Amino acid sequence: MPAMTEGVSTKTIRITASDGWELAADIHSSAEPTVAILISAGTGFPRQFYNSIATYLAARGAIVLTYDYRGIGGSAGDHLAASGIEYSDWGRFDAAAALDALERAVPGLPLTHLCHSVGGHFIGLMANQSKITRHAFVSVGTGFFGGHHLRNIPSELYFWWGLGSYSLFRYGYIKPVGGWQGEPLPPKLFKTWRRWSHRRSYFRPDLARSLAPHQYDKVTAPIRSWIFPDDPIATPSTAADLLECYPAAPHEVILRKPSDVGVTRIGHEGALRKGREALWAEFWDWLSTSPQTVPTKN
């Protein structure tokens, strides 16, 4: 039976990606939705992390689909260490399949996209990305550690070369031990993430090689990117570097301090937690706006 919260129903479905991998997803909806919103998660975040904002958006008049990437949560599969899951699979297969599932659930509604962190990295790998009318980026920047807050760099290097190397040796994958609080991560994915994060160009050198074919230069849906000064990862510089990967997309960056929305902390994931409804209202206003209303490209 679907769960009900404040007039919002939630049901769990299974989605089959084009390569056969089964994904777990939740559809949150109210009686008469006017817009469809796909929520693409950050690395290591299970779909349940986004339940509160999904319920909020559904109550405002959206049908919202949250999903677990392959290797994560309800889409983990078996034998993570030998899974062969690559970082780019999350966009090429999983996000694309989730968007198709959302469209099937509500044919005719505008399809929009709320992206948290890495959720905004792989739009150019989605063969169906042109169906999306607009994107809301929340704490989306490259993983390049040199562009992050200086105080965060020691912990990142520890994650990449201390904890990460140990976990791969000991378990064959990245296990939630030693400070990593996210979901377990596949080994091939982690190594790619580590390699990209050691250069400012991030994944761009791979566009002509391992990431081909792609549509990064064909993404034209407008992007509004929210950045927070206490986020050590999605900084103004890494956000700008990531937006450069979408040269044809009109975009603008919105800077919000915690005090602007009545909270003491936002960080890298706080914008999606309860108590940040003032930000959620901004996301809703952007995603529910007519597709014809777009910002001027910066």
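Our subject is the structure that appears above.
Values in this document were obtained by computation on a predicted structure and should not be read as measured data.

**A closer look at the packing of helix α3 (residues 153–171) against helix α4 (residues 187–196)**
Phase 1 of the analysis: Running from N to C, α3 and α4 cross one another at 165 degrees; their axes reach a closest spacing of 12 Å. In terms of orientation, α3 and α4 fall into the roughly antiparallel class. At the point where α3 passes α4, the crossing takes the left-handed sense. Across from Phe159, Trp160, Trp161, Gly164, Ser165 and Leu168 in α3, the residues of α4 making contact are Pro187, Phe190, Lys191, Trp193 and Arg194.
Phase 2 of the analysis: Partitioning the contact of α3 with α4 into residue classes produces seven nonpolar, two polar and two charged.

**Overview of unusual backbone geometry**
Phase 1 of the analysis: In this chain, alanine 212 is followed by proline 213 through a cis amide linkage whose omega measures -5 degrees.
Phase 2 of the analysis: Tracing the backbone shows proline 213 in the loop between α4 and β8 (223–227).
Phase 3 of the analysis: You will see that histidine 79, though not glycine, has its phi angle at about 55 degrees, which is positive.
Phase 4 of the analysis: For histidine 79, the location among the structural elements is in the loop between β5 (62–67) and α2 (89–105).
Phase 5 of the analysis: Taking relative accessible area as the criterion, histidine 79 reaches 65% and is therefore assigned exposed.
Phase 6 of the analysis: Of note in this structure, serine 139 is not a glycine but carries a positive phi near 55 degrees.

**So, the state of the cysteines**
Phase 1 of the analysis: In this structure the tally under the stated criterion is zero disulfides.
Phase 2 of the analysis: Between cysteine 245, a free cysteine, and cysteine 115, which holds the nearest cysteine sulfur, the sulfur-to-sulfur gap is 13 Å.
Phase 3 of the analysis: Its relative accessible area of 6% is what places cysteine 245 among the buried residues.

**A few points about the packing of aromatic side chains**
Phase 1 of the analysis: Counted according to the given criterion, the structure contains 28 aromatic pairs.
Phase 2 of the analysis: Where phenylalanine 159 meets phenylalanine 190, the ring centres are 5.5 Å apart and the plane angle is 90 degrees; that geometry is what we call edge-to-face. In this pair, phenylalanine 159 sits in helix α3 while phenylalanine 190 sits in helix α4, placing the two residues 31 residues apart along the sequence.
Phase 3 of the analysis: Assessed through its relative accessible area of 0%, phenylalanine 190 is described here as buried.
Phase 4 of the analysis: Measuring from ring centre to ring centre gives 5.7 Å for tryptophan 160 and phenylalanine 190, while their planes differ by 40 degrees; the resulting arrangement is tilted. Residue tryptophan 160 is found in helix α3, and its partner phenylalanine 190 is found in helix α4; the two are separated by 30 residues along the sequence. Across this residue pair, the class does not change: tryptophan 160 and phenylalanine 190 are buried.
Phase 5 of the analysis: Directly above the aromatic system of tryptophan 286 lies the positively charged group of arginine 134, at a separation of 3.9 Å from the ring centroid.

**A look at the environment of histidine 113**
Phase 1 of the analysis: Tracing the backbone shows histidine 113 in strand β6 (residues 111–116).
Phase 2 of the analysis: By relative accessible area, which is 0% here, histidine 113 ends up buried.
Phase 3 of the analysis: When the C-alpha atoms of histidine 113 and leucine 38 are compared, they prove to be 4.8 Å apart, with 75 residues separating the residues in sequence.
Phase 4 of the analysis: For histidine 113, the contacting residues outside a window of four places in its chain are Leu38, Ser40, Gly119, Ile123, Ile132, Arg134, His135, Ala136 and Leu287.

**A word on the packing of helix α1 (residues 51–60) against helix α6 (residues 277–287)**
Phase 1 of the analysis: At a closest axis distance of 11 Å, the pairing of α1 and α6 adopts a crossing angle of 50 degrees. On the basis of their axis angle, the class for α1 and α6 is oblique. In the packing of α1 onto α6, the handedness of the crossing is right-handed. In this structure, α1 contributes Ser52, Ile53, Tyr56, Leu57 and Arg60 to the contact, and α6 contributes Glu277, Trp280, Ala281, Phe283, Trp284 and Asp285.
Phase 2 of the analysis: Residue composition of the contact of α1 with α6, grouped by class: seven nonpolar, one polar and three charged.

Calculation notes
- Residues numbered from 1 in each chain as written.
- Predicted model: local features only at pLDDT ≥ 70, side-chain atom pairs only at ≥ 80, totals over all residues.
- Heavy atoms only, no water.
- Axes fitted to C-alpha atoms, helices over the stretch in contact; angles between N-to-C directions.
- Helix = DSSP H or I, 4+ residues; strand = E, 2+ residues; numbered from the N terminus.
- Parallel < 35°, antiparallel > 145°, perpendicular 65-115°, else oblique.
- Left-handed = near helix turned anticlockwise from the far one by under 90°.
- Contact = heavy atoms within 4.5 Å.
- Nonpolar A, V, L, I, M, F, W, Y, C, P; charged D, E, K, R; others polar.
- Buried < 20%, exposed > 50% of the residue type's maximum accessible area, 1.4 Å probe, protein only.
- Disulfide = S-S within 2.5 Å.
- Phe/Tyr/Trp six-rings, centres within 6.5 Å; stacked < 30°, edge-to-face > 60°.
- Lys NZ or Arg CZ within 6 Å of the ring centre and 35° of its normal.

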